[in-house]
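Spelled out, the chains give:
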Amino acid sequence: MKRTRASVLELFKERGRGAEIGVFAGNFTKRILRQVNPTKLYLIDPWVNFDDPGLEKSWYGKESKYDMELMYQDLTEQFSRRVANGQVEFLRGKTVDMMHHIEDQSLDFVYVDGDHRYDAVKIDIEMAYQKVKPGGHIAVDDHVLGYWWEDGVVRAVNEFVGRYPRDISIVACDENQVVLQRHTTDIANGLTDDAPDFEDIETVAEALMPQEPQIAANTALPEEKPQGLVSRMSSLFGRSSTAEV
Ligand SMILES: C[S@@+](CC[C@H](N)C(=O)[O-])C[C@H]1O[C@@H](n2cnc3c(N)ncnc32)[C@H](O)[C@@H]1O
C-alpha cells in the first residue's frame, strides 16, 4: 500500500498525545487535528528567519519570502480556541531547547519535519524517541536524497535505526515518509543479550533430528559419511545441498 502523508496519520493513535516538530504555516497540523484528533498536540518550531548560509534555500532562511514572525502570529490566532481548551500547545524554539517541556515516554506519536540537515534531524529523532511511549510512532518527512539538505534526513534515520536494533523497527517507508515504531518493553526484554553460538545451534539441530532407527546387531552398516550441520539440516528439511558453512 502506498503511504502518503495522510495515510501515515492512520498509523498514529487516534485521540492520542503527540507532537509535530517543524510546523511552518500549520498545514499538516490541521490534517493531524482532523484525522487523529489528539487529546494533546505540541507544536515545536522557532518560527524564525535564520541568518545561516546553510539555510539559504530553505523556507525559513533570511531571504525567504515567508515572514516567520507573521506566520507565528497568524497561527496562534487560528488555534487560539484549541490552545485555550488545552488541546494545542505552542513550544516556540528549536527542538533541542523545547523538548524538555514534554514528559519522557508520554507521547503516542511524533511527526518530525523541522530543520532537515543531518545534525538537526539526528537531535530531533533522538528527542522524539525519548518522548514516545513503547508502541508509539515516529514519522519523518522528506526521507529523500537530492535536495538542499542532501543526505541529512536519510543518514540520520538510517543511523538511528541502526543504533536501536532491539527497540525500533521501520513500519512504513514510502512517498518520502518513513514511519518508525518503538517496540513495547516486553519485546525488547524478550531478546537475549548474546547471539547463540555455533554449538548452541548444533544442539538445537540435534534435538530436531529424527531418532535413528534401531538396527539389529548382525545388520551390515552402510558406509558412514561425516555429516555437518548443514547436511544434517538439509536431510531434515529435504534439501539437496550439502555445502558446509
Ligand atoms: C518543512 S517546514 C515544516 C512543514 C510542516 N510540517 C508542514 O507539513 O506543513 C520546516 C519547519 O521547521 C522549522 N524548524 C527549523 N529549525 C528547527 C528546529 N531546530 N527545531 C524545530 N523546528 C525547526 C522551521 O521554522 C519550519 O517552519
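Residues numbered from 1 in each chain as written. Predicted model: local features only at pLDDT ≥ 70, side-chain atom pairs only at ≥ 80, totals over all residues.

A. Molecular detail of the site of the ligand. The ligand sits among 18 residues. The nearest are Gly-22, Phe-24, Phe-28, Gly-114 and Asp-115. Taken together, the elements giving at least two residues each to the shell around the ligand come down to helix H2 (27-35) and strand E2 (40-45). Of the residues contributing to the shell around the ligand, the split by class is 10 nonpolar, four polar and four charged. (Near = placed C-beta within 6 Å. Helix = DSSP H or I, 4+ residues; strand = E, 2+ residues; numbered from the N terminus. Nonpolar A, V, L, I, M, F, W, Y, C, P; charged D, E, K, R; others polar.)

B. Quick look at helix H7 (residues 152-163). Given a rise of 1.5 Å per residue, 12 residues ought to cover 16 Å, and the 17 Å separating the end C-alpha atoms of H7 matches this to within 8%. Turning to H7, its buried residues number three or more, namely Gly-152, Val-153, Val-154, Ala-156, Val-157 and Phe-160. Contact partners of the buried residues in H7: helix H6 (118-131), strand E5 (132-140) and strand E7 (177-182). (Expected span 1.5 Å × (residues − 1). Buried ≥ 20, exposed ≤ 12 C-beta atoms within 10 Å, placed from the backbone. Contact = placed C-beta atoms within 7 Å.)

C. Fine view of the nonpolar core. With 46 residues, the main nonpolar core has Val-110, Val-112, Ile-125, Ala-128 and Ile-138 as its most contacted residues. The biggest single contributor to this core is H6, with six residues. Setting aside anything within four residues of it in sequence, one finds Ala-128 in contact with Ile-21, Val-110, Val-112 and Ile-138. (Core = buried A, V, L, I, M, F, W, Y, C linked by C-beta atoms within 7 Å.)

D. Structural detail: the packing of H6 against H7. Remark: H6 packs on H7, axes separated minimally by 8 Å, with the N-to-C direction vectors making an angle of 40 degrees. The angle between H6 and H7 falls in the class oblique. As for the relative orientation of H6 and H7, their crossing is right-handed in sense. Contacts between H6 and H7 involve Tyr-118, Val-121, Lys-122 and Ile-125 on the former and, on the latter, Gly-152, Val-153, Arg-155, Ala-156, Val-157 and Phe-160. Its residues assigned to classes, the contact of H6 with H7 shows seven nonpolar, one polar and two charged. (Axes fitted to C-alpha atoms, helices over the stretch in contact; angles between N-to-C directions. Parallel < 35°, antiparallel > 145°, perpendicular 65-115°, else oblique. Left-handed = near helix turned anticlockwise from the far one by under 90°.)

E. Structural view of the pairing of E5. Of the pairings in the sheet, the one linking strand E4 (residues 107-112) to E5 comprises five bridges and is parallel in character. Bridge pairing in E5 links Leu-107 to Val-132. Handedness of the E4-H6-E5 crossover: right-handed. (Pairing = 2+ DSSP bridges. Right-handed = clockwise from strand over helix to strand, strands pointing away.)

F. How the structure looks around the confidence of the model for the chain. The predicted model of the chain averages 84 in pLDDT, with 74% of residues at 70 or higher. This stretch, residues 224-245, has a pLDDT under 50; its non-local contacts, to residues over four places away or in other chains, come to 19 contacts. (pLDDT = per-residue confidence, 0-100.)

G. Local environment of the environment of Trp-59. In this structure, Trp-59 sits in the loop between E2 and helix H3 (68-78). Among the residues examined, Trp-59 registers 13 C-beta atoms within 10 Å and is labelled partly exposed. Placed 35 residues apart in sequence, Trp-59 and Phe-24 show a C-alpha to C-alpha distance of 8.7 Å. Excluding its chain neighbours within four sequence positions, the residues that come into contact with Trp-59 are Phe-24, Ser-64 and Tyr-66.

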